Amino acid sequence: MSYHIDMEDHAEPEPVLLSKHAKNLLRFLNLLPARMASHDNTRSTIVFFAVCGLDVLNSLHLVPPQQRQDIIDWIYGGLVVPRDNEKNCGGFMGCRAMVPKTEDAALLECMRKYQWGHLAMTYTSIAVLVTLGDDLSRLDRRSIVDGVAAVQKAEGSFGACIDGSEDDMRFVYCAAAICHMLDYWGDVDKEAMYQFIMRSLRYDYGFSQELEGEAHGGTTFCALAALHLSGQLKRLDADTVERMKRWLIFRQMDGFQGRPNKPVDTCYSFWIGASLCILDGFELTDYAKNREYILSTQDKLIGGFAKWPQATPDPFHTYLGLCGLAFTGEPGLSAVNPSLNMSMAACVHLKHLHEQWRSRNGRGDEDIGLSSAAQQQLKLAKEGEAMTAATTSTSPLIQAQ
């Protein structure tokens, strides 16, 4: 099969409004609009999208040093370290509603019963700390991973927290990302996790969120990234990998959709794009069409990306839209690690921390390192500034190697 993109008679490509996107994300670090009041209990995820988005935009310098330290201290304010007589519930909370400012010992002890780590908030909190250059010295890595192991179910999946939560592929990914970032797996059962993931592989070779569910782009990313971060991606045979690539590639219309017969959505430029990067198949996509769709959701007035054209931009789609563009080597954007969902620069800092911990502990753990796809994204980023605007906006399909 051959492809051809007409490079002639095209209008000047629409630019990515880098500075406006940076200003848009900065605003979310200072003030949330009323329409986002319902997200108060997941505030650390909004901080993640804003901070990591600024990092991908190479604009973290816009966050003043004092504000950067304030963010780090705020993140640590949500850290839960269980006492000896408490359940293994270590990790980060999503907000500070359960940490009242009072000296009433009885009230504090009562609130203590409702303080526990949440896997998604723990993942985003650690990622923010790493992105801001923190050395993670205030973390009790063992306590956090004990908390991860405590919410693993018998079938291998993970709950979000110790009490009253969902358990599905999203939290499998969070668990794998946390353990990888902390370079410690403790009592987490990686084999059971692998078996749960593989039982969630559907007939069409996408992964479902839970057993017997429908294949979905977001949970396919969660499954593949968890396999990679846990060092188990190599257990997939070549035929299975090729069928997974096929399912993922067929999710591209112009942008990407999450499921067959569903509309395209900016965020799937990351979920599907990152999945293909992990499988070394992103070069089989149409870069130009992907870019064209993402930019159709760009707000030219206030910055940010939305899920659909003419919709309201938000931090979630802004960050993931930027990541989707970074995979194509868009000039001005930092390369993104597809498995950890943060910049390569942050991953370099994380790897340095791993080396320090291993040297201190005298351990020689196997280094998972970057996939060949991730190394390709780093190379793309370095070459991005040298690419012409026309090449970036009309990047043809690259022949499969």
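Our subject is the structure listed above.
Residues numbered from 1 in each chain as written. Predicted model: local features only at pLDDT ≥ 70, side-chain atom pairs only at ≥ 80, totals over all residues. Heavy atoms only, no water.

You can see G255 is positioned in the loop between α10 (238-249) and α11 (268-278). Residue classification places G255 among the buried residues on the basis of a relative accessible area of 0%. Once the C-alpha coordinates of G255 and A288 are considered, the two residues, 33 residues apart in sequence, prove to be 9.5 Å apart. Excluding anything up to four places from it in sequence, G255 contacts V264, K289, N290 and Y293. (Helix = DSSP H or I, 4+ residues; strand = E, 2+ residues; numbered from the N terminus. Buried < 20%, exposed > 50% of the residue type's maximum accessible area, 1.4 Å probe, protein only. Contact = heavy atoms within 4.5 Å.)

So, on to empty space enclosed by the protein. Counting across every chain of the model gives one cavity of 30 Å³ or more. If you add up the space inside the largest cavity, you get close to 80 Å³. Residue lining of the largest cavity: 15 residues in total, with G90, G117, L119, G147 and V151 positioned closest to the centre. Elements with a contribution of two residues or more to the lining of the largest cavity: α5 (119-131) and α6 (141-150). A total of three residues in the lining of the largest cavity trace back to one element, the largest contributor, which is α6. Residues that form the lining of the largest cavity fall into these classes: nine nonpolar, six polar and no charged. (1 Å grid on protein atoms, 1.4 Å probe; cavity = no way out; pocket = protein on both sides within 12 Å on 5 of 7 lines; lining within 4 Å. Points joined across faces, edges and corners; volume = space filled by probe spheres on them. Nonpolar A, V, L, I, M, F, W, Y, C, P; charged D, E, K, R; others polar.)

Okay, the layout of surface pockets next. The volume enclosed by the largest pocket comes to roughly 730 Å³. Lining of the largest pocket is provided by 25 residues; of these, F49, A120, R170, W271 and F316 occupy positions nearest its centre. Taken together, the elements giving at least two residues each to the lining of the largest pocket come down to α2 (43-56), α5, α7 (169-182), α9 (217-229), α11 and α13 (315-327). Broken down by class, the residue content of the lining of the largest pocket amounts to 14 nonpolar, nine polar and two charged.

Glancing now at helix α14 (residues 344-361). Under the 1.5 Å per step criterion, the end-to-end length of α14 is 25 Å for 18 residues, consistent within 8% with the ideal 26 Å. Here α14 has its buried residues at M344, A346, C347, H349, L350, L353, H354, W357 and R358. Looking one or two residues beyond α14, the residue adopting positive phi is G362, at roughly 65°. (Expected span 1.5 Å × (residues − 1).)

With that settled, the discussion passes to the pattern of salt bridges. Overall, the coordinates contain 16 salt bridges when judged by the stated rule. Linking R170 and D168 is a salt bridge whose minimum nitrogen-to-oxygen distance equals 2.8 Å. Residue classification places D168 among the buried residues on the basis of a relative accessible area of 3%. Where E292 meets K289, a salt bridge forms, and the shortest distance between an N and an O atom there is 3.9 Å. Linking E292 with K289, this pair stays in helix α12 (residues 287-296), spanning three residues, or about one helical turn. On the basis of relative accessible area, K289 is assigned to the partly exposed category, the value being 39%. (Salt bridge = Lys/Arg side-chain N within 4 Å of Asp/Glu carboxyl O.)

Secondary-structure assignment places S157 in the loop between α6 and β3 (158-159). Within the local environment of S157, its side chain forms a polar contact with the side chain of E155, the two groups lying 2.9 Å apart. Setting aside residues no more than four positions away along its own chain, S157 makes contact with V151, Q152, D167, V172 and F196. (Polar contact = N/O pair within 3.5 Å; in protein donor to acceptor, adjacent residues only side chain to side chain.)

Note on placement: D55 falls in helix α2. Of the side chains with opposite charge, R68 lies nearest to the buried D55, which makes no salt bridge, at 7.9 Å. Contacts of D55, omitting those with residues within four sequence positions, involve L60, T131, S334, S343 and A346. (Lys, Arg positive; Asp, Glu negative; His and termini not counted.)

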